[in-house]
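Commentary on secondary and tertiary structure
Each chain, written out:
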Amino acid sequence: MREAHLTRIEQANLIAGHAVSYATAFLDDRHNVQQLADNADRLFLDLMVIEDAETTSFLIPVKLLVITMMRTARVARDLSRWPRAEDRWHAVMASLVELVMNESRQLTKDRA
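The paragraphs below set out a description of the structure included in this document. (Residues numbered from 1 in each chain as written. Predicted model: local features only at pLDDT ≥ 70, side-chain atom pairs only at ≥ 80, totals over all residues. Heavy atoms only, no water.)

Describing the overall build of the chain
When you go through the chain residue by residue, the secondary structure sums to 4 helices and 0 strands. Reading the chain from its N terminus to its C terminus gives the helix and strand order α-α-α-α. With the principal axes as the frame, the chain shows a C-alpha extent of 55 × 25 × 25 Å. Within the chain, the fraction of its 112 residues that count as buried is 35%. Sequence separation of 24 or more characterises 71% of the internal contacts of the chain that already satisfy a separation of 6 or more. About 7000 Å² of surface is accessible on the chain, with carbon and sulfur atoms providing 55% of the total. (Helix = DSSP H or I, 4+ residues; strand = E, 2+ residues; numbered from the N terminus. Buried < 20%, exposed > 50% of the residue type's maximum accessible area, 1.4 Å probe, protein only. Contact = heavy atoms within 4.5 Å. Areas by Shrake-Rupley, 256 points an atom, 1.4 Å probe, with all protein chains shown as cover.)

Now the structure itself:
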C-alpha cells in the first residue's frame, strides 16, 4: 500500500487547525499561559518550514494568530499589566481564531 503524503497546502491547513485548537483551549481555560507559549513557539517553527508560494497567502491569518498567542503569553506573565490587557488580547485572539476558521473553510471549499 502506498503512503499518503499531505500537500503543502494540506499541511498548512493542519497547522491552522492546531493553532485554532490551542488558542481556543487557552481562551476556554483548558490550557494555561505556559502551554499557550509552548504551543505558539512550536507552531511558529512549523510555519517557517511549511511556507512556500502555494501557502503564503493562506498562512497570513495563521501567523497573526500565532503571533497573538505569543504576545498574549508574554503579557499574561507580567501580572502587573495583565488585568488591563487581558480582555483586549482575548478579543484579538478570538477574532483571529474566527478568521483562521473561515479561511480554512474557504480553502476546503475552493479545493473541492
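Details of the environment of K63
On the secondary structure map, K63 appears in helix α3 (residues 56-77). A sequence separation of 34 residues divides K63 from V97, and the C-alpha atoms of the two residues are 11 Å apart. Beyond its immediate chain neighbours, meaning those up to four positions away, K63 contacts L47 and E51.

Re unusual backbone geometry
A negative phi angle characterises most non-glycine residues, just as the trans form characterises most peptide bonds. Unlike most non-glycine residues, D29 shows phi in positive territory, near 65°. In this fold, D29 is placed in the loop between α1 (8-27) and α2 (33-50). Exposure remark for D29: the relative accessible area of 67% places this residue in the exposed category.

Quick word on α1
Look at α1: 28 Å from first C-alpha to last across 20 residues, which is about the 28 Å you get at 1.5 Å a residue. All buried positions along α1 are accounted for by I9, A12, N13, I15, A16, A19, V20, A23, A25 and F26. Downstream of α1 by a residue or two, D29 has a phi angle that is positive, lying close to 65°. (Expected span 1.5 Å × (residues − 1).)

What about the environment of P83?
As for its placement among the helices and strands, P83 is situated in helix α4 (residues 82-111). Separated by 73 residues in sequence, P83 and E10 have C-alpha atoms that sit 38 Å apart.

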